[in-house]
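Structural overview
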Amino acid sequence: MAISMITPKPPTPGTGAGELFQLLRDGRPRTRSELATRTGLSRSTIAARIDALQDIGLIGAVGPALSSGGRPPSTFAFVPESRTVLAADLGAAHGILALTDLAGNVIDHLRADVDIATGPVPVLDWVVHSFIELLGRNGRDAATLSGIAIGVPGPVEHSTGRPTKPPIMPGWNDFDIPGTIQRTFDVPVLVDNDVNIMALGEQSFSWPDTENLMFVKVATGIGVGIISGGELQRGAQGSAGDLGHVQVPGGASTPCSCGNTGCLEALAGGPAVARNLAAHGIEVATASEVGKLAEANNTAAIAVLRQAGRDIGSVLAMCVNLLNPSVIVLGGRLANAGEHVIAGVRELVYFRSTPLATQHLVIVGSASREMAGVRGASMLVIQHVLSAAAVDGLVQERSSPQSTAASR
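Overview of the structure. Since we're looking at a predicted model, the values are computed, not measured. (Residues numbered from 1 in each chain as written. Predicted model: local features only at pLDDT ≥ 70, side-chain atom pairs only at ≥ 80, totals over all residues. Heavy atoms only, no water.)

What the chain contains, in helices and strands, is 14 helices and 15 strands. Relative to the globule expectation of 22 Å for 408 residues, the C-alpha radius of gyration of the chain, 23 Å, shows essentially globular dimensions. Expressed along its principal axes, the backbone C-alpha trace of the chain runs to roughly 75 × 50 × 40 Å. Out of the 408 residues in the chain, the part that is buried amounts to 50%. Here the analysis covers contacts within the chain between residues at least 6 apart in sequence; of these, 62% occur between residues at least 24 apart. Approximately 17,900 Å² of the chain is accessible, and the part contributed by carbon and sulfur atoms is 52%. A distance of 5 Å separates the average location of the 29 positive side-chain charges in the chain from that of its 35 negative side-chain charges. (Helix = DSSP H or I, 4+ residues; strand = E, 2+ residues; numbered from the N terminus. Rg over C-alpha atoms; globule rule 2.2 N^0.38 Å. Buried < 20%, exposed > 50% of the residue type's maximum accessible area, 1.4 Å probe, protein only. Contact = heavy atoms within 4.5 Å. Areas by Shrake-Rupley, 256 points an atom, 1.4 Å probe, with all protein chains shown as cover. Lys, Arg positive; Asp, Glu negative; His and termini not counted. Charge placed at Lys NZ, Arg CZ, Asp CG, Glu CD.)

Turning our eyes to something else, we now look at the sheet that holds strand 7 (residues 145–152). Reading across from one edge, 6-5-4-7-10 is the order of the five strands in this open sheet, with mixed pairing throughout. The two strands at the open ends of the sheet, each matched to only one other strand, are strand 6 (106–113) and strand 10 (189–193). Direction aside, the axes of adjacent strands within the sheet are offset by 15° on average. Pairing analysis gives seven bridges linking strand 4 (residues 84–90) to strand 5 (residues 94–101), with the strands arranged antiparallel. Pairing of L90 across the sheet is with G95, part of strand 5. Contacting strand 4, strand 7 and strand 10, helix 6 (residues 194–206) crosses the sheet at an angle of about 100° to strand 10. Its contacts with the sheet place helix 12 (residues 372–385) against strand 4, strand 5, strand 6, strand 7 and strand 10, and it is angled at close to 135° to strand 4. (Pairing = 2+ DSSP bridges. Axes fitted to C-alpha atoms, helices over the stretch in contact; angles between N-to-C directions.)

What follows deals with the layout of surface pockets. In this approach, a probe sized like a water molecule rolls over the atoms, and the result shows the empty space that is left. By volume, the largest pocket is sized at about 950 Å³. If you go around the largest pocket, you meet 50 residues; those closest to its centre are K217, A219, T220, G221 and R333. Of all the secondary structure elements, the ones that give two or more residues to the lining of the largest pocket are strand 5, helix 6, strand 12 (222–228), helix 8 (270–278) and helix 9 (287–295). For the lining of the largest pocket, the element with the most residues is helix 8, which contributes four residues. Across the lining of the largest pocket, the residue classes tally to 23 nonpolar, 18 polar and nine charged. (1 Å grid on protein atoms, 1.4 Å probe; cavity = no way out; pocket = protein on both sides within 12 Å on 5 of 7 lines; lining within 4 Å. Points joined across faces, edges and corners; volume = space filled by probe spheres on them. Nonpolar A, V, L, I, M, F, W, Y, C, P; charged D, E, K, R; others polar.)

Attention now moves to the sheet that holds strand 13 (residues 231–233). One open sheet holds the five strands; their spatial order is 13-12-11-14-15, and the pairing between them is mixed. One side of each edge strand has no neighbouring strand; the edge strands of this open sheet are strand 13 and strand 15 (362–365). Shown here is a sheet whose adjacent strand axes are inclined to one another by a mean of 20°, direction ignored. Inspection of the sheet shows strand 11 (residues 213–218) paired to strand 14 (residues 327–331) by five bridges, in the parallel sense. Considered in strand 14, the bridge of V216 is made with L330. Sitting on the sheet, helix 11 (residues 339–352) touches strand 14 and strand 15, and the angle it makes with strand 15 is about 165°.

Extensive coverage of strand 5 is indicated by the burial of eight of its eight residues. Here strand 5 shows two buried faces, one formed by H94, I96, A98 and T100 and the other by G95, L97, L99 and D101. Two elements, strand 5 and strand 6, share seven bridges in a ladder whose sense is antiparallel. In the strand pairing of strand 6, A98 is matched with H109. Where strand 5 folds back onto strand 6 in an antiparallel hairpin, the turn is made up of four residues, including G104, whose phi is positive at roughly 85°.

It is worth spelling out unusual backbone geometry at this point. For K165, which is not glycine, the phi torsion reads 45° and is therefore positive. Within the secondary structure layout, K165 lies in the loop between strand 9 (162–163) and helix 5 (177–181). A positive phi angle is found at D174, which is not glycine, with a value near 65°. Along the polypeptide, D174 turns up in the loop between strand 9 and helix 5.

Structure (structure tokens):
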């Protein structure tokens, strides 16, 4: 069963162990007295909820605090290594998988060339076997697993985890990704568009205090993950951020794989960059090859990448005027190939957007680079399984008569 993401809410006095746990998620050790003062709960209530959180392994005693006289009080903190998360970022031609802890720290990862167009069965078979490999080579088993999240390069109905008419994923429409994965792993499985999880990963690890951020993936296709008001925006059918099929002024004669002409993807996506370089007599197979040419000061490669950035910037300028983000992050294989795409984007965005919208706007390359997707997928699971409601459910399950009897 696919489960929608639940975003943790701020702690509220008088609530259960799950709300108390939200105070401890930052990893800072706290005493029972500190927690009682912060929540307004009695010391006995705090003690009972600390015990409950220790029973399910989410927190642990981490040593005494400084004493003002007498026996020093114990402190308690989140134990992120107590459980694990499996994350997958599937692109058009590659897959990156990772094993993380409950803070999103990557324990191990692997990467392979994977053609998404071969269909869901062979691709998900590879994902499952690779997940098993990641667990095994790190001495973990499925019992330590809290959940799985997978990003795919197309629109997704987030409530069911099923792709919705993805243009570059033949055979994937309405395919039950969660159900397929759960034949092997009996845990929550969350599925989202790949650029959405990249946005979440970049925001969580590099811009945690930024509530209005756009992540632009520039690779085979071009898409945007939108975080507005601190919330990931998916749209009514999960197709929000499909920037690649916005028409670029002056590009109407260029055909696009979607059937229209003049789309941004047709002018500035990976195949378009390769085609434009071929017109200069330069054949390239990968974005990294383009980046190496640009680093070697190949003028044709620099010009093609800069123009791709300008085309992307011309469309992003409209988004900046509409959404007013404070940060735009560019990632994906082409954006990671060098600064020339980013320079072209800056040139057009700052020129075409209003002064007020760009007054404090920052446009940068991805700090997480190719790991942004798996980090975001991990956070998708973590935000769900560590929500106050989910933690309360674990406590209740642990304290139920059936669970108690089973543990004897």
